[in-house]
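Overview (structure and organization)
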Amino acid sequence: MSDAAVDAEEVRHVAALARVDLDDEEVDRFAGQFADILAYFDSLDEVPEVDREADLANVMRADEARDCLSQEEALANAPETEDGYFKGPRVS
Amino acid sequence: MSSDLNAFVTRETIEGAEDGPLAGRTVAVKDNISTKGVRTTCGSAMLEEYVPPYDATVVERLKDAGATIVGKANMDEFGMGSTTETSAFGPTENPAAPGRVPGGSSGGSAAAVAAGEADLALGSDTGGSIRNPAAFCGVVGIKPTYGLVSRYGLVAYANSLEQIGPLAPTVEEAAELLDVVAGPDPNDATTRTEGENSDYASAADGDVSGMTVGVPTELVEGADEGVVAQFEAALDELRSQGVETTEVSLPSVERAVEAYYVIAMSEASSNLARFDGVRYGVSGGYEGNWNDAFARAREAGFGEEVKRRVLLGTYALSAGYHDKYYAKAQDARAWLQQDVDEALGEADVLASPTMPVPPFERGERLDDPLQLYLSDANTVPANLANLPAISVPAGETDGLPVGIQFVGPSFGERDIVRMGSALA
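Rules and cut-offs
Residues numbered from 1 in each chain as written. Chains lettered and ligands numbered in written order. Predicted model: local features only at pLDDT ≥ 70, side-chain atom pairs only at ≥ 80, totals over all residues. Heavy atoms only, no water. 1 Å grid on protein atoms, 1.4 Å probe; cavity = no way out; pocket = protein on both sides within 12 Å on 5 of 7 lines; lining within 4 Å. Points joined across faces, edges and corners; volume = space filled by probe spheres on them. Nonpolar A, V, L, I, M, F, W, Y, C, P; charged D, E, K, R; others polar. Contact = heavy atoms within 4.5 Å. Buried area = accessible area lost by both parts, 1.4 Å probe. Salt bridge = Lys/Arg side-chain N within 4 Å of Asp/Glu carboxyl O. Polar contact = N/O pair within 3.5 Å; in protein donor to acceptor, adjacent residues only side chain to side chain. Helix = DSSP H or I, 4+ residues; strand = E, 2+ residues; numbered from the N terminus. Pairing = 2+ DSSP bridges. Axes fitted to C-alpha atoms, helices over the stretch in contact; angles between N-to-C directions. Parallel < 35°, antiparallel > 145°, perpendicular 65-115°, else oblique. Left-handed = near helix turned anticlockwise from the far one by under 90°. Buried < 20%, exposed > 50% of the residue type's maximum accessible area, 1.4 Å probe, protein only.

Our focus in this paragraph is the layout of surface pockets. By volume, the largest pocket is sized at about 1100 Å³. In terms of lining residues, the largest pocket is bounded by 28 residues, among which Asp55 and Leu56 of chain A together with Arg192, Gln337 and Asn386 of chain B are the most central. Its residues assigned to classes, the lining of the largest pocket comprises 10 nonpolar, 11 polar and seven charged. Roughly 520 Å³ of internal volume is contained in the second largest pocket. If you go around the second largest pocket, you meet 22 residues; those closest to its centre are Ser34, Tyr50, Tyr54, Arg274 and Tyr280 of chain B.

Written out as C-alpha coordinates, the structure reads:
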(Lines give C-alpha, C1' and ligand atoms only; values in the text may rest on other atoms or scores of the structure.)
Protein backbone atom coordinates (compact mmCIF):
# COMPACT_ATOMS: atom_id res chain seq x y z
CA MET A 1 0.00 0.00 0.00
CA SER A 2 1.08 3.54 -0.46
CA ASP A 3 0.68 5.35 2.84
CA ALA A 4 2.81 2.89 4.83
CA ALA A 5 5.13 0.22 3.55
CA VAL A 6 4.08 -3.38 4.10
CA ASP A 7 6.85 -4.80 6.22
CA ALA A 8 7.44 -8.28 7.53
CA GLU A 9 5.98 -7.31 10.91
CA GLU A 10 2.71 -6.28 9.29
CA VAL A 11 2.48 -9.52 7.31
CA ARG A 12 3.03 -11.47 10.54
CA HIS A 13 0.33 -9.43 12.26
CA VAL A 14 -2.23 -10.14 9.51
CA ALA A 15 -1.21 -13.80 9.43
CA ALA A 16 -1.87 -13.97 13.17
CA LEU A 17 -5.30 -12.37 12.70
CA ALA A 18 -6.06 -14.87 9.91
CA ARG A 19 -4.70 -17.79 11.99
CA VAL A 20 -2.23 -18.88 9.34
CA ASP A 21 1.34 -19.77 10.29
CA LEU A 22 3.94 -18.62 7.76
CA ASP A 23 7.62 -19.45 7.50
CA ASP A 24 10.16 -16.62 7.24
CA GLU A 25 10.58 -17.03 3.50
CA GLU A 26 6.84 -16.70 2.93
CA VAL A 27 6.71 -13.61 5.13
CA ASP A 28 9.41 -11.90 3.07
CA ARG A 29 7.87 -12.89 -0.25
CA PHE A 30 4.38 -11.78 0.80
CA ALA A 31 5.68 -8.43 2.09
CA GLY A 32 6.99 -7.58 -1.37
CA GLN A 33 3.93 -8.85 -3.21
CA PHE A 34 1.46 -7.21 -0.83
CA ALA A 35 3.11 -3.83 -1.39
CA ASP A 36 2.53 -4.17 -5.14
CA ILE A 37 -0.99 -5.56 -4.88
CA LEU A 38 -2.20 -3.06 -2.27
CA ALA A 39 -0.69 -0.17 -4.24
CA TYR A 40 -2.76 -1.40 -7.16
CA PHE A 41 -5.89 -1.60 -4.99
CA ASP A 42 -5.28 2.05 -3.99
CA SER A 43 -6.68 3.11 -7.36
CA LEU A 44 -10.13 2.32 -5.91
CA ASP A 45 -9.82 5.81 -4.38
CA GLU A 46 -10.78 7.15 -7.81
CA VAL A 47 -14.17 5.43 -7.78
CA PRO A 48 -17.05 7.92 -7.66
CA GLU A 49 -19.87 7.58 -5.15
CA VAL A 50 -22.76 5.72 -6.71
CA ASP A 51 -26.30 5.26 -5.50
CA ARG A 52 -26.88 1.59 -4.87
CA GLU A 53 -30.03 -0.16 -5.89
CA ALA A 54 -31.99 -0.63 -2.69
CA ASP A 55 -34.49 -3.28 -3.75
CA LEU A 56 -32.98 -5.98 -1.58
CA ALA A 57 -35.19 -8.26 0.47
CA ASN A 58 -34.38 -10.88 3.06
CA VAL A 59 -35.35 -14.42 2.14
CA MET A 60 -36.53 -16.49 5.08
CA ARG A 61 -37.65 -20.08 5.29
CA ALA A 62 -40.00 -21.47 7.88
CA ASP A 63 -38.14 -22.40 11.05
CA GLU A 64 -39.09 -26.05 10.99
CA ALA A 65 -37.09 -29.11 11.93
CA ARG A 66 -35.74 -30.92 8.85
CA ASP A 67 -33.71 -33.99 8.15
CA CYS A 68 -30.06 -33.46 8.89
CA LEU A 69 -26.85 -35.44 9.00
CA SER A 70 -26.64 -38.24 11.54
CA GLN A 71 -24.06 -37.87 14.28
CA GLU A 72 -22.03 -40.59 12.59
CA GLU A 73 -22.06 -38.78 9.24
CA ALA A 74 -21.18 -35.48 10.85
CA LEU A 75 -18.18 -37.01 12.56
CA ALA A 76 -17.03 -39.10 9.61
CA ASN A 77 -14.45 -36.59 8.34
CA ALA A 78 -13.09 -35.44 11.69
CA PRO A 79 -9.39 -36.13 12.30
CA GLU A 80 -10.12 -36.92 15.97
CA THR A 81 -13.33 -37.81 17.77
CA GLU A 82 -14.14 -39.06 21.26
CA ASP A 83 -17.40 -40.47 22.61
CA GLY A 84 -19.40 -39.12 19.68
CA TYR A 85 -17.88 -35.61 19.84
CA PHE A 86 -15.33 -33.71 17.80
CA LYS A 87 -12.05 -33.55 19.63
CA GLY A 88 -10.32 -30.19 19.35
CA PRO A 89 -7.42 -28.38 20.97
CA ARG A 90 -7.93 -26.47 24.20
CA VAL A 91 -9.51 -23.08 23.76
CA SER A 92 -6.96 -20.99 25.66
CA MET B 1 -3.32 -40.31 -22.74
CA SER B 2 -5.96 -39.41 -20.21
CA SER B 3 -3.76 -39.70 -17.16
CA ASP B 4 -1.14 -37.48 -18.82
CA LEU B 5 -3.48 -34.48 -18.80
CA ASN B 6 -4.11 -34.73 -15.04
CA ALA B 7 -7.62 -33.46 -15.73
CA PHE B 8 -9.09 -35.46 -12.85
CA VAL B 9 -8.24 -35.50 -9.15
CA THR B 10 -10.46 -38.55 -8.65
CA ARG B 11 -11.75 -40.90 -11.30
CA GLU B 12 -14.95 -42.51 -10.14
CA THR B 13 -18.06 -43.47 -12.05
CA ILE B 14 -21.34 -42.31 -10.55
CA GLU B 15 -24.27 -43.69 -12.51
CA GLY B 16 -27.38 -41.59 -12.92
CA ALA B 17 -30.98 -42.52 -13.66
CA GLU B 18 -31.63 -44.73 -16.69
CA ASP B 19 -33.61 -42.12 -18.57
CA GLY B 20 -33.42 -38.40 -18.87
CA PRO B 21 -32.17 -35.59 -21.06
CA LEU B 22 -28.54 -36.50 -20.32
CA ALA B 23 -28.89 -40.29 -20.61
CA GLY B 24 -25.78 -41.76 -22.19
CA ARG B 25 -23.75 -38.59 -21.62
CA THR B 26 -20.64 -38.42 -19.44
CA VAL B 27 -19.98 -35.42 -17.23
CA ALA B 28 -16.86 -34.29 -15.35
CA VAL B 29 -17.65 -32.41 -12.14
CA LYS B 30 -15.27 -29.80 -10.74
CA ASP B 31 -13.80 -30.98 -7.48
CA ASN B 32 -15.30 -28.17 -5.37
CA ILE B 33 -18.81 -29.55 -6.00
CA SER B 34 -19.87 -32.07 -3.35
CA THR B 35 -20.47 -35.68 -4.36
CA LYS B 36 -21.87 -38.00 -1.72
CA GLY B 37 -19.39 -40.74 -0.87
CA VAL B 38 -16.82 -39.53 -3.42
CA ARG B 39 -13.99 -37.38 -2.11
CA THR B 40 -14.13 -33.69 -2.90
CA THR B 41 -10.76 -32.02 -2.46
CA CYS B 42 -11.14 -28.51 -3.91
CA GLY B 43 -7.64 -29.11 -5.28
CA SER B 44 -6.35 -28.68 -1.71
CA ALA B 45 -4.22 -30.79 0.60
CA MET B 46 -6.55 -29.50 3.31
CA LEU B 47 -9.38 -31.67 1.94
CA GLU B 48 -7.31 -34.51 0.49
CA GLU B 49 -9.36 -37.09 2.40
CA TYR B 50 -12.68 -35.25 2.70
CA VAL B 51 -15.71 -37.33 1.64
CA PRO B 52 -18.96 -35.33 1.60
CA PRO B 53 -21.99 -36.96 3.25
CA TYR B 54 -24.36 -35.35 0.74
CA ASP B 55 -24.68 -34.38 -2.93
CA ALA B 56 -24.68 -30.82 -4.23
CA THR B 57 -28.04 -29.89 -5.77
CA VAL B 58 -26.46 -29.78 -9.24
CA VAL B 59 -25.13 -33.31 -8.76
CA GLU B 60 -28.60 -34.57 -7.79
CA ARG B 61 -29.96 -32.93 -10.92
CA LEU B 62 -27.26 -34.51 -13.11
CA LYS B 63 -28.11 -37.94 -11.72
CA ASP B 64 -31.86 -37.38 -12.15
CA ALA B 65 -31.20 -36.36 -15.77
CA GLY B 66 -29.49 -39.67 -16.48
CA ALA B 67 -25.91 -38.38 -16.73
CA THR B 68 -22.94 -40.56 -15.83
CA ILE B 69 -20.40 -38.67 -13.75
CA VAL B 70 -16.91 -39.86 -14.70
CA GLY B 71 -14.81 -38.08 -12.13
CA LYS B 72 -13.89 -35.01 -10.15
CA ALA B 73 -12.04 -32.49 -12.27
CA ASN B 74 -8.77 -30.84 -11.27
CA MET B 75 -8.83 -27.16 -10.35
CA ASP B 76 -6.88 -24.31 -8.82
CA GLU B 77 -6.95 -24.73 -5.06
CA PHE B 78 -10.35 -23.55 -3.75
CA GLY B 79 -10.91 -21.90 -7.16
CA MET B 80 -8.06 -19.43 -6.59
CA GLY B 81 -6.04 -19.14 -9.77
CA SER B 82 -6.30 -18.63 -13.50
CA THR B 83 -4.13 -21.51 -14.69
CA THR B 84 -4.93 -24.73 -12.74
CA GLU B 85 -1.32 -24.70 -11.54
CA THR B 86 -2.16 -24.08 -7.87
CA SER B 87 -3.81 -27.49 -7.41
CA ALA B 88 -2.23 -29.57 -4.65
CA PHE B 89 -2.58 -32.48 -7.11
CA GLY B 90 -0.37 -30.99 -9.80
CA PRO B 91 -1.11 -28.89 -12.88
CA THR B 92 -3.44 -29.94 -15.70
CA GLU B 93 -2.17 -30.07 -19.28
CA ASN B 94 -3.96 -28.11 -22.01
CA PRO B 95 -4.95 -30.65 -24.71
CA ALA B 96 -5.51 -27.83 -27.21
CA ALA B 97 -2.11 -26.20 -26.59
CA PRO B 98 0.45 -28.65 -25.19
CA GLY B 99 2.92 -27.13 -22.72
CA ARG B 100 0.50 -24.31 -21.97
CA VAL B 101 -1.87 -23.92 -19.05
CA PRO B 102 -5.52 -24.90 -19.57
CA GLY B 103 -6.65 -21.74 -17.80
CA GLY B 104 -8.42 -21.80 -14.51
CA SER B 105 -9.75 -22.37 -12.11
CA SER B 106 -11.97 -24.96 -13.85
CA GLY B 107 -9.02 -26.15 -15.96
CA GLY B 108 -9.63 -29.84 -15.37
CA SER B 109 -13.25 -29.50 -16.48
CA ALA B 110 -12.28 -27.69 -19.69
CA ALA B 111 -9.40 -30.05 -20.47
CA ALA B 112 -11.60 -33.11 -19.93
CA VAL B 113 -14.12 -31.78 -22.47
CA ALA B 114 -11.47 -30.62 -24.95
CA ALA B 115 -9.79 -34.04 -24.89
CA GLY B 116 -13.05 -35.97 -25.08
CA GLU B 117 -12.54 -37.53 -21.65
CA ALA B 118 -16.04 -36.32 -20.79
CA ASP B 119 -18.86 -35.21 -23.06
CA LEU B 120 -19.70 -32.29 -20.77
CA ALA B 121 -18.44 -30.74 -17.56
CA LEU B 122 -19.49 -28.55 -14.66
CA GLY B 123 -17.23 -25.79 -13.46
CA SER B 124 -17.64 -22.81 -11.17
CA ASP B 125 -17.00 -19.19 -12.10
CA THR B 126 -16.13 -16.55 -9.49
CA GLY B 127 -14.24 -14.12 -11.73
CA GLY B 128 -13.99 -16.02 -14.99
CA SER B 129 -13.14 -19.54 -13.87
CA ILE B 130 -15.41 -21.20 -16.45
CA ARG B 131 -14.90 -18.79 -19.35
CA ASN B 132 -11.13 -18.48 -19.01
CA PRO B 133 -10.38 -22.23 -19.35
CA ALA B 134 -13.09 -22.56 -22.01
CA ALA B 135 -11.22 -19.94 -24.06
CA PHE B 136 -7.78 -21.45 -23.39
CA CYS B 137 -8.93 -25.00 -24.26
CA GLY B 138 -11.11 -24.10 -27.26
CA VAL B 139 -14.47 -25.15 -25.79
CA VAL B 140 -17.72 -23.41 -24.79
CA GLY B 141 -18.36 -22.24 -21.21
CA ILE B 142 -21.30 -20.43 -19.64
CA LYS B 143 -21.30 -18.40 -16.42
CA PRO B 144 -25.02 -18.13 -15.55
CA THR B 145 -26.81 -15.13 -14.07
CA TYR B 146 -26.27 -14.99 -10.31
CA GLY B 147 -29.15 -16.90 -8.71
CA LEU B 148 -29.95 -19.12 -11.70
CA VAL B 149 -28.09 -22.21 -10.45
CA SER B 150 -28.04 -23.49 -6.89
CA ARG B 151 -24.75 -23.21 -5.02
CA TYR B 152 -25.85 -25.72 -2.38
CA GLY B 153 -22.97 -28.17 -2.02
CA LEU B 154 -20.45 -25.91 -3.77
CA VAL B 155 -17.56 -25.35 -1.37
CA ALA B 156 -17.71 -21.60 -0.95
CA TYR B 157 -14.93 -19.25 -2.04
CA ALA B 158 -16.71 -15.91 -2.68
CA ASN B 159 -20.47 -16.37 -2.36
CA SER B 160 -21.62 -13.07 -3.82
CA LEU B 161 -19.77 -13.69 -7.08
CA GLU B 162 -19.70 -17.40 -7.88
CA GLN B 163 -22.01 -19.55 -9.97
CA ILE B 164 -21.82 -23.15 -11.17
CA GLY B 165 -22.04 -23.49 -14.96
CA PRO B 166 -21.52 -25.83 -17.92
CA LEU B 167 -18.60 -26.50 -20.28
CA ALA B 168 -19.18 -28.36 -23.56
CA PRO B 169 -17.87 -28.72 -27.13
CA THR B 170 -20.82 -26.75 -28.55
CA VAL B 171 -23.13 -23.96 -27.42
CA GLU B 172 -26.18 -26.20 -27.75
CA GLU B 173 -24.71 -28.91 -25.52
CA ALA B 174 -23.66 -26.33 -22.94
CA ALA B 175 -27.22 -24.96 -22.95
CA GLU B 176 -28.66 -28.47 -22.55
CA LEU B 177 -26.55 -29.00 -19.44
CA LEU B 178 -27.53 -25.56 -18.12
CA ASP B 179 -31.20 -26.49 -18.58
CA VAL B 180 -30.63 -29.51 -16.33
CA VAL B 181 -28.95 -27.67 -13.46
CA ALA B 182 -30.81 -24.31 -13.57
CA GLY B 183 -33.78 -23.46 -11.39
CA PRO B 184 -34.76 -22.64 -7.81
CA ASP B 185 -33.60 -24.73 -4.86
CA PRO B 186 -35.02 -24.54 -1.35
CA ASN B 187 -31.50 -25.25 -0.07
CA ASP B 188 -30.10 -22.05 -1.62
CA ALA B 189 -32.05 -18.91 -0.76
CA THR B 190 -30.14 -16.92 -3.40
CA THR B 191 -31.69 -18.95 -6.22
CA ARG B 192 -34.48 -17.33 -8.24
CA THR B 193 -37.41 -18.76 -10.17
CA GLU B 194 -36.30 -17.66 -13.64
CA GLY B 195 -34.54 -20.92 -14.45
CA GLU B 196 -37.54 -23.12 -13.73
CA ASN B 197 -38.51 -25.23 -16.76
CA SER B 198 -35.93 -23.37 -18.79
CA ASP B 199 -35.29 -24.15 -22.43
CA TYR B 200 -32.00 -22.48 -23.27
CA ALA B 201 -30.99 -25.22 -25.72
CA SER B 202 -33.71 -24.25 -28.20
CA ALA B 203 -32.18 -20.75 -28.41
CA ALA B 204 -29.05 -22.26 -29.96
CA ASP B 205 -30.53 -21.93 -33.44
CA GLY B 206 -27.93 -19.57 -34.88
CA ASP B 207 -30.61 -17.09 -35.90
CA VAL B 208 -28.99 -13.80 -34.93
CA SER B 209 -30.22 -11.60 -37.76
CA GLY B 210 -31.33 -8.23 -36.38
CA MET B 211 -29.52 -8.60 -33.05
CA THR B 212 -27.12 -5.93 -31.85
CA VAL B 213 -23.72 -6.42 -30.21
CA GLY B 214 -22.09 -3.68 -28.14
CA VAL B 215 -18.30 -3.70 -28.07
CA PRO B 216 -16.80 -2.02 -24.99
CA THR B 217 -13.66 -0.36 -26.33
CA GLU B 218 -11.96 -0.63 -22.93
CA LEU B 219 -11.99 -4.44 -23.13
CA VAL B 220 -10.36 -4.62 -26.55
CA GLU B 221 -7.69 -1.92 -26.36
CA GLY B 222 -5.11 -3.70 -24.20
CA ALA B 223 -5.51 -7.15 -25.72
CA ASP B 224 -2.86 -9.10 -27.61
CA GLU B 225 -2.79 -8.34 -31.37
CA GLY B 226 -3.45 -11.88 -32.52
CA VAL B 227 -6.36 -12.16 -30.08
CA VAL B 228 -7.88 -8.91 -31.34
CA ALA B 229 -7.54 -10.09 -34.96
CA GLN B 230 -9.54 -13.25 -34.17
CA PHE B 231 -12.07 -11.23 -32.19
CA GLU B 232 -12.58 -8.85 -35.13
CA ALA B 233 -12.93 -11.78 -37.51
CA ALA B 234 -15.65 -13.24 -35.29
CA LEU B 235 -17.48 -9.89 -35.32
CA ASP B 236 -17.20 -9.82 -39.12
CA GLU B 237 -18.74 -13.27 -39.25
CA LEU B 238 -21.63 -12.10 -37.07
CA ARG B 239 -22.13 -9.01 -39.25
CA SER B 240 -22.34 -11.28 -42.30
CA GLN B 241 -25.17 -13.06 -40.49
CA GLY B 242 -27.11 -9.83 -40.00
CA VAL B 243 -25.81 -8.66 -36.64
CA GLU B 244 -25.31 -4.97 -36.05
CA THR B 245 -22.30 -3.96 -33.97
CA THR B 246 -21.82 -0.73 -32.07
CA GLU B 247 -19.10 0.66 -29.83
CA VAL B 248 -20.02 1.25 -26.22
CA SER B 249 -18.00 2.75 -23.39
CA LEU B 250 -17.68 1.30 -19.92
CA PRO B 251 -15.38 3.60 -17.94
CA SER B 252 -16.01 1.62 -14.74
CA VAL B 253 -14.34 -1.54 -16.05
CA GLU B 254 -10.98 0.13 -15.45
CA ARG B 255 -11.56 -0.48 -11.72
CA ALA B 256 -13.27 -3.87 -12.04
CA VAL B 257 -10.22 -6.04 -11.36
CA GLU B 258 -9.34 -4.21 -8.14
CA ALA B 259 -12.94 -4.34 -6.96
CA TYR B 260 -13.22 -8.01 -7.85
CA TYR B 261 -10.09 -9.07 -5.99
CA VAL B 262 -10.85 -7.01 -2.87
CA ILE B 263 -14.37 -8.48 -2.65
CA ALA B 264 -13.32 -12.04 -3.53
CA MET B 265 -10.39 -12.04 -1.11
CA SER B 266 -12.51 -10.55 1.67
CA GLU B 267 -15.20 -13.18 1.22
CA ALA B 268 -12.53 -15.88 0.97
CA SER B 269 -10.94 -14.84 4.26
CA SER B 270 -14.30 -15.33 5.94
CA ASN B 271 -15.34 -18.51 4.09
CA LEU B 272 -12.04 -20.30 4.59
CA ALA B 273 -12.13 -19.66 8.34
CA ARG B 274 -14.12 -22.91 8.57
CA PHE B 275 -10.99 -24.93 7.80
CA ASP B 276 -9.72 -25.40 11.32
CA GLY B 277 -8.74 -29.07 11.13
CA VAL B 278 -11.26 -30.13 13.77
CA ARG B 279 -14.44 -31.18 11.96
CA TYR B 280 -12.70 -32.08 8.69
CA GLY B 281 -9.46 -31.44 6.91
CA VAL B 282 -5.85 -31.50 8.02
CA SER B 283 -5.37 -31.41 11.78
CA GLY B 284 -2.85 -29.13 13.43
CA GLY B 285 -2.48 -31.53 16.34
CA TYR B 286 -3.41 -30.77 19.90
CA GLU B 287 -0.35 -29.14 21.39
CA GLY B 288 -0.83 -25.56 22.47
CA ASN B 289 -4.12 -23.69 22.37
CA TRP B 290 -6.87 -23.50 19.77
CA ASN B 291 -5.31 -20.59 17.87
CA ASP B 292 -1.91 -22.27 17.61
CA ALA B 293 -3.40 -25.56 16.44
CA PHE B 294 -5.69 -23.77 14.01
CA ALA B 295 -2.81 -21.76 12.48
CA ARG B 296 -0.68 -24.88 12.12
CA ALA B 297 -3.48 -26.79 10.40
CA ARG B 298 -3.91 -23.95 7.93
CA GLU B 299 -0.18 -23.68 7.33
CA ALA B 300 -0.05 -27.39 6.49
CA GLY B 301 -3.29 -27.55 4.50
CA PHE B 302 -3.30 -24.38 2.39
CA GLY B 303 -1.13 -23.64 -0.63
CA GLU B 304 0.55 -20.33 -1.23
CA GLU B 305 -2.12 -18.63 -3.37
CA VAL B 306 -4.80 -19.50 -0.81
CA LYS B 307 -2.71 -18.06 2.02
CA ARG B 308 -2.02 -14.95 -0.05
CA ARG B 309 -5.72 -14.31 -0.66
CA VAL B 310 -6.84 -15.13 2.89
CA LEU B 311 -4.23 -12.71 4.25
CA LEU B 312 -5.04 -9.94 1.78
CA GLY B 313 -8.75 -10.40 2.50
CA THR B 314 -8.13 -10.26 6.24
CA TYR B 315 -6.11 -7.10 5.68
CA ALA B 316 -8.82 -5.47 3.54
CA LEU B 317 -11.42 -6.12 6.22
CA SER B 318 -9.27 -5.15 9.19
CA ALA B 319 -9.82 -2.05 11.31
CA GLY B 320 -8.58 1.06 9.55
CA TYR B 321 -8.65 -0.46 6.08
CA HIS B 322 -12.27 -1.57 5.69
CA ASP B 323 -13.43 1.80 4.31
CA LYS B 324 -10.36 2.21 2.15
CA TYR B 325 -10.60 -1.15 0.39
CA TYR B 326 -13.79 -3.14 1.01
CA ALA B 327 -16.28 -0.24 1.06
CA LYS B 328 -14.64 1.32 -1.99
CA ALA B 329 -14.77 -2.01 -3.83
CA GLN B 330 -18.52 -2.17 -3.16
CA ASP B 331 -18.86 1.34 -4.63
CA ALA B 332 -16.94 0.20 -7.70
CA ARG B 333 -19.25 -2.79 -8.00
CA ALA B 334 -22.34 -0.57 -7.93
CA TRP B 335 -20.76 1.78 -10.48
CA LEU B 336 -19.98 -1.09 -12.80
CA GLN B 337 -23.49 -2.53 -12.48
CA GLN B 338 -24.94 0.84 -13.46
CA ASP B 339 -22.52 1.24 -16.35
CA VAL B 340 -23.14 -2.23 -17.79
CA ASP B 341 -26.91 -1.85 -17.44
CA GLU B 342 -26.71 1.33 -19.49
CA ALA B 343 -24.60 -0.34 -22.17
CA LEU B 344 -27.06 -3.23 -22.36
CA GLY B 345 -29.76 -0.64 -23.02
CA GLU B 346 -27.99 0.03 -26.32
CA ALA B 347 -27.32 -3.56 -27.39
CA ASP B 348 -28.68 -7.08 -26.89
CA VAL B 349 -25.32 -8.40 -25.71
CA LEU B 350 -21.80 -7.07 -25.12
CA ALA B 351 -18.81 -8.72 -26.79
CA SER B 352 -15.10 -8.80 -25.98
CA PRO B 353 -12.20 -11.22 -26.20
CA THR B 354 -12.69 -13.66 -23.29
CA MET B 355 -9.01 -13.50 -22.35
CA PRO B 356 -6.80 -10.62 -23.50
CA VAL B 357 -3.97 -13.08 -24.19
CA PRO B 358 -3.55 -16.61 -25.58
CA PRO B 359 -2.79 -19.44 -23.08
CA PHE B 360 0.38 -18.84 -21.04
CA GLU B 361 3.23 -21.27 -20.90
CA ARG B 362 3.20 -23.32 -17.75
CA GLY B 363 5.02 -21.58 -14.88
CA GLU B 364 5.14 -18.30 -16.78
CA ARG B 365 2.90 -16.25 -14.48
CA LEU B 366 3.06 -18.04 -11.15
CA ASP B 367 5.71 -15.84 -9.57
CA ASP B 368 3.90 -12.60 -10.27
CA PRO B 369 0.43 -12.73 -8.73
CA LEU B 370 -0.48 -9.17 -9.74
CA GLN B 371 0.18 -9.86 -13.43
CA LEU B 372 -1.94 -12.99 -13.19
CA TYR B 373 -4.80 -11.07 -11.54
CA LEU B 374 -4.75 -8.51 -14.36
CA SER B 375 -5.43 -11.23 -16.94
CA ASP B 376 -8.99 -11.51 -15.55
CA ALA B 377 -9.92 -7.98 -16.68
CA ASN B 378 -12.48 -9.06 -19.28
CA THR B 379 -14.23 -11.76 -17.28
CA VAL B 380 -14.71 -10.18 -13.83
CA PRO B 381 -17.26 -7.52 -14.89
CA ALA B 382 -19.98 -10.16 -15.47
CA ASN B 383 -19.47 -11.54 -11.95
CA LEU B 384 -19.52 -8.11 -10.33
CA ALA B 385 -22.70 -7.24 -12.27
CA ASN B 386 -24.34 -10.67 -11.63
CA LEU B 387 -24.86 -11.13 -15.39
CA PRO B 388 -24.74 -14.19 -17.66
CA ALA B 389 -21.75 -14.61 -19.97
CA ILE B 390 -20.60 -17.19 -22.47
CA SER B 391 -17.19 -17.92 -23.98
CA VAL B 392 -17.18 -19.40 -27.47
CA PRO B 393 -14.16 -20.48 -29.55
CA ALA B 394 -13.06 -17.84 -32.06
CA GLY B 395 -10.25 -19.49 -33.97
CA GLU B 396 -6.57 -19.52 -33.12
CA THR B 397 -3.57 -17.22 -33.05
CA ASP B 398 -0.21 -18.93 -33.68
CA GLY B 399 -1.97 -22.25 -33.11
CA LEU B 400 -3.33 -21.17 -29.71
CA PRO B 401 -7.07 -21.02 -28.96
CA VAL B 402 -8.87 -17.67 -28.70
CA GLY B 403 -12.30 -17.16 -27.12
CA ILE B 404 -14.96 -14.52 -27.68
CA GLN B 405 -17.20 -13.57 -24.77
CA PHE B 406 -20.81 -12.39 -24.88
CA VAL B 407 -22.38 -10.82 -21.79
CA GLY B 408 -26.16 -10.58 -21.63
CA PRO B 409 -28.78 -8.88 -19.48
CA SER B 410 -29.89 -10.41 -16.21
CA PHE B 411 -31.46 -13.84 -16.92
CA GLY B 412 -30.80 -13.21 -20.62
CA GLU B 413 -29.27 -16.67 -21.08
CA ARG B 414 -31.24 -17.18 -24.29
CA ASP B 415 -29.62 -14.07 -25.82
CA ILE B 416 -26.05 -15.17 -25.15
CA VAL B 417 -26.79 -18.75 -26.18
CA ARG B 418 -28.31 -17.57 -29.46
CA MET B 419 -25.41 -15.21 -30.20
CA GLY B 420 -22.83 -17.86 -29.33
CA SER B 421 -24.55 -20.46 -31.48
CA ALA B 422 -23.93 -18.34 -34.57
CA LEU B 423 -20.23 -19.13 -34.09
CA ALA B 424 -20.07 -22.57 -32.42
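On to the interface of chain B and chain A, then. Accessible area lost upon the coming together of the parts serves often as the stated size of an interface. Contacts between the two partners involve 56 residues from chain B and, on the opposite side, 49 residues from chain A. Carbon and sulfur atoms make up 65% of the surface buried where chain B meets chain A, a total of about 4900 Å² over both sides. When the area that chain B buries against chain A is broken down by residue, the three leading residues are Tyr286, Leu311 and Tyr315 of chain B, summing to 14%. Counting across the chain B and chain A interface gives five salt bridges. Aspartate 42 of chain A serves as the salt-bridge partner of lysine 324 of chain B, at 3.0 Å between the closest nitrogen and oxygen. Seen at the junction of chain B and chain A, the total is 17 residue pairs in polar contact (both at pLDDT 80 or more). For the side of chain B that touches chain A, the elements supplying multiple residues, two or more each, are helix H8 (256-271), helix H9 (290-301), helix H10 (304-317), helix H11 (322-343) and helix H12 (369-374) of chain B. At 12 residues, the largest contribution of residues to the side of chain B that touches chain A is made by H11 of chain B. The class makeup of the residues in the side of chain B that touches chain A is 31 nonpolar, 10 polar and 15 charged.

Okay, the sheet that holds strand S10 (residues 389-397) of chain B next. All names here are of chain B. The mixed open sheet is built from 11 strands, whose spatial order is S1-S3-S2-S4-S6-S5-S10-S11-S9-S7-S8. Each of the sheet's edge strands pairs with one partner strand only, and the pair in question is strand S1 (8-10) and strand S8 (244-248). Going across the sheet, the axis of each strand differs from the next one's by a mean of 35 degrees, ignoring polarity. Here S1 pairs with strand S3 (residues 68-73) via two bridges, running antiparallel.

To continue, consider the packing of helix H2 (residues 57-64) of chain B against helix H5 (residues 171-181) of chain B. Residue and element names in this part refer to chain B. Viewed as axis vectors pointing N to C, H2 and H5 meet at an angle of 110 degrees, and their least axial separation amounts to 8 Å. Classified by the interaxial angle, the pair formed by H2 and H5 is roughly perpendicular. H2 and H5 meet at a crossing whose hand is right-handed. For the pair H2 and H5, the contacting residues are Val58, Arg61 and Leu62 in the first and Leu177, Val180 and Val181 in the second.

Turning next to the side chain of asparagine 74 of chain B. All names here are of chain B. If you trace the backbone, asparagine 74 turns up in the loop between S3 and helix H3 (107-114). The class for asparagine 74 is buried, based on a relative accessible area of 0%. At a separation of 3.2 Å, a polar atom in the side chain of asparagine 74 contacts the main-chain carbonyl oxygen of asparagine 6. Looking at asparagine 74, its side chain comes within polar contact range of the main-chain oxygen of glycine 90, at 2.9 Å.

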